[in-house]
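The residues making up each chain are set out below.
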Amino acid sequence: MKSILRATAVLSSVSMVNILVGLVSAKCSAVLLGPSGVGFMGLLQGLVSLAALLAGMGVGVGLVRAGAQALAQDDPRQVAALRRGAWLLCVGLGGLAVVVLIGLRAPLSRLMLGSAEHTGAVMLMGPGLLLGLAAGVQTSVLNAHRRIGDLARVGMLSSLLSVALTVLFIWQWRERGIVPAVLAGFAVSWAVSYYYMRAGTPTTHVELMWSEVLAAARALLRFGVPYTASMLVGAGVQMIVPVLVLHALGRADVGFYRAAAAISINYLGFLLAAMAQDYYPRVSAAHDQPAVLTQLINDQLRLVLLLGGPIILGMLALVPYVLPLVYSAQFAPASDLLEWQLIGDLFKFSSWTMSFVILARAGSSIYFGTELFGGTILLLTSWLGMRWLGLPGLGLGFMLTSAIYCFVCWLVLWRDLHLRWTTENKLLFLIFAFAMIVVRVLPYLGLGSFRMPVALALAMLLGAGSLYLIWGEVGGWKGLLAWRKPA
């Protein structure tokens, strides 16, 4: 677990910077644009993200998976072929996606942005899409080589520069600055990732036949197409939810939803970064070793619970203050939605420790099945939640979906690996889940005045226990000094 802690610590430093600059960006956007403007920016970013998901065809994730395995086998020829095949697909698929964006600009504007008056914005997202796809390949190359330090620097610099430009454009032009702000973010990500990819993983000078490059590209597509289908029914559904909110509730409610969702994701961004940039290459390299995978899952889950559990409880306590502080008092209606989403995060991050293994070991078809199930449940619970409870129903639907998806992932790996959580992990999960439910139901029992002190007390008590266990894992001061030295 020490190596996982080391990678998480490195990535946590950049996550803290990202969170801080994200708070500045969110605050400026909320004050200068209001809920409606924040909603439009979220819808525009969602359009590009969905287009990038389709055009990317899972090439980046496939490159990490296959590249990590080729590097583990010390096969530089295959590494070079995969890299060149990924760029071939990026250019071809990206160009096709731009043509589609231009050709379907009017219907996309009506469906994704709420009216036909934003066709120009849709067309301008084409260059942003190409830059985003290229940045994705570049970070995937770094990820496959497990260049944790470079990935951290890419994330930090991209975040700082993107937020600075976003604030500048929005301050100068208000809503008219949203489109150039989004484009600037993609341009910065491409430039920074390009610099560190060239410096950290120089191109291997291997003479390859054209057939080898095409074979690598086909291998990436064989993995990527089912993966993309999986993402469309999984993460893609989450991109569609704001569109459902737009047509069911209105653009201001999209702003409320985006505000709550941004907080529920960003405050634990260091865990997500560690899983995507360190954990996934590890499990990919050990995809054929069931005992090693089981150990990796339990180690990662233990870290997620020890670090994430107390933070979620602390966030639950401070929800009434976080939204006005991060955004503005206009975003107070998102409080109930955010509380349910925070509880759902416990299940979501726990499930990711398993879903990465499903992707690395079982392949795209089984991963597609789990994502299809999760996406269908999310659509159903979100729609019913909005119909019955309005905006808070979205949060409740997210929590229920996360819990069900977590169980499904465990069931898949129980059948494949005979996965069993350690007794300590089971106990930690139950303690944190129970504490969060207690905090959430206190207002319904007429004890709303006790909600914040109880949540803070639980967060501090369980946080102290978590730190004690982590301290023991590191080995105290002596272990910490040794742990900080390069491996």
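As the structure is a prediction and not an experimental result, all values here were calculated from the model.

### Some words on the overall build of the chain
Here's step 1: On a plain count of helices and strands, the chain comes out with 18 helices and zero strands.
Here's step 2: The globule rule puts the C-alpha radius of gyration for 487 residues at 23 Å, and the 22 Å found for the chain is close to it.
Here's step 3: Going through the 487 residues of the chain one by one, you find that 54% of them count as buried.
Here's step 4: With the model as given, the accessible surface of the chain reaches about 20900 Å², and the carbon-plus-sulfur share is 70%.
Here's step 5: Taking the average place of the 32 positive charges on the side chains of the chain and the average place of its 18 negative ones, the gap between the two points comes to 3 Å.

### Observations concerning empty space enclosed by the protein
Here's step 1: Evaluation of the coordinates by the stated rule reveals two cavities of 30 Å³ or more.
Here's step 2: Reported here for the largest cavity is a volume of approximately 60 Å³.
Here's step 3: Considering the residues around the largest cavity, the lining is formed by Leu63, Gly67, Leu71, Val79, Leu82, Arg83, Val141, Ala144 and His145.
Here's step 4: Elements represented by at least two residues in the lining of the largest cavity include exactly α2 (59-72), α3 (76-103) and α5 (119-144).

### Let's talk about the pattern of salt bridges
Here's step 1: Under the definition given, this model contains ten salt bridges.
Here's step 2: The closest approach of N and O atoms between Arg77 and Glu212, which form a salt bridge, is 2.8 Å. Taken together, the residues span a long stretch of sequence, with Arg77 in helix α3 and Glu212 in helix α8 (residues 210-233) at a distance of 135 residues.
Here's step 3: Residue Arg77 is classed as partly exposed on the basis of its relative accessible area of 36%.
Here's step 4: Note on Glu212: relative accessible area 23%, which makes it partly exposed.
Here's step 5: Between Lys348 and Asp345 there is a salt bridge, with its nearest N and O atoms 3.2 Å apart. With a gap of three residues between them, Lys348 and Asp345 both fall in helix α13 (residues 335-362), about one helical turn apart. For the pair formed by Lys348 and Asp345, the shared burial category is buried.
Here's step 6: Through salt bridges with shared partners, a single ionic network connects Asp336, Glu339, Arg440 and Arg451.

### Description of the nonpolar core
Here's step 1: Judged by nonpolar contacts, the single largest core of 129 residues is most densely connected at Leu44 and Tyr327.
Here's step 2: In terms of residues, this core owes the most to one element, helix α12 (residues 290-326), which gives 16 residues.
Here's step 3: Formed by six residues, the second largest nonpolar core is a distinct cluster that contains Leu142, Leu151, Val188 and Tyr196.

### A few points about the packing of α8 against helix α9 (residues 235-248)
Here's step 1: Between α8 and α9, the shortest axis-to-axis distance is 3 Å and the interhelical angle comes to 35°. In contact with Met231, Leu232 and Val233 of α8, α9 contributes Ala235, Gly236 and Val237.
Here's step 2: Per-class residue counts for the contact of α8 with α9 are five nonpolar, one polar and no charged.

### Some points on the layout of surface pockets
Here's step 1: Here the second largest pocket defines a volume of roughly 350 Å³.
Here's step 2: Forming the boundary of the second largest pocket are 17 residues, of which Leu50, Ala51, Leu54, Ala97 and Val100 lie nearest the centre.
Here's step 3: Of all the secondary-structure elements, those providing two or more residues to the lining of the second largest pocket are α1 (2-56), α3, α4 (105-113) and α9.
Here's step 4: When the residues that make up the lining of the second largest pocket are grouped by side-chain class, the tally is 17 nonpolar, no polar and no charged.

### Details of the packing of aromatic side chains
Here's step 1: By the definition in use, this model includes twelve aromatic pairs.
Here's step 2: Where Tyr279 meets Phe356, the ring centres are 6.2 Å apart and the plane angle is 85°; that geometry is what we call edge-to-face. In this pair, Tyr279 is assigned in helix α11 (residues 269-285) and Phe356 in helix α13, connecting sequence segments 77 residues apart.
Here's step 3: Relative accessible area serves as the criterion here: at 0%, Tyr279 is assigned to the buried category.
Here's step 4: Ring plane angle 75° and centroid distance 5.4 Å describe the contact between Phe347 and Phe429, whose orientation is recorded as edge-to-face. In this pair, Phe347 sits in helix α13 while Phe429 sits in helix α16 (residues 423-441), placing the two residues 82 residues apart along the sequence.
Here's step 5: Among the residues examined, Phe347 registers a relative accessible area of 17% and is labelled buried.
Here's step 6: One aromatic cluster in this structure is built from Phe256, Tyr327 and Phe331.
Here's step 7: Sitting over the face of the ring of Trp340, Arg440 holds its NZ or CZ atom 4.5 Å from the ring centroid.

Cut-offs and rules
Residues numbered from 1 in each chain as written. Predicted model: local features only at pLDDT ≥ 70, side-chain atom pairs only at ≥ 80, totals over all residues. Heavy atoms only, no water. Helix = DSSP H or I, 4+ residues; strand = E, 2+ residues; numbered from the N terminus. Rg over C-alpha atoms; globule rule 2.2 N^0.38 Å. Buried < 20%, exposed > 50% of the residue type's maximum accessible area, 1.4 Å probe, protein only. Areas by Shrake-Rupley, 256 points an atom, 1.4 Å probe, with all protein chains shown as cover. Lys, Arg positive; Asp, Glu negative; His and termini not counted. Charge placed at Lys NZ, Arg CZ, Asp CG, Glu CD. 1 Å grid on protein atoms, 1.4 Å probe; cavity = no way out; pocket = protein on both sides within 12 Å on 5 of 7 lines; lining within 4 Å. Points joined across faces, edges and corners; volume = space filled by probe spheres on them. Salt bridge = Lys/Arg side-chain N within 4 Å of Asp/Glu carboxyl O. Core = buried A, V, L, I, M, F, W, Y, C linked by side-chain atoms within 4.5 Å. Axes fitted to C-alpha atoms, helices over the stretch in contact; angles between N-to-C directions. Contact = heavy atoms within 4.5 Å. Nonpolar A, V, L, I, M, F, W, Y, C, P; charged D, E, K, R; others polar. Phe/Tyr/Trp six-rings, centres within 6.5 Å; stacked < 30°, edge-to-face > 60°. Lys NZ or Arg CZ within 6 Å of the ring centre and 35° of its normal.

Bear in mind that shape data such as this cannot, by itself, settle questions of function.
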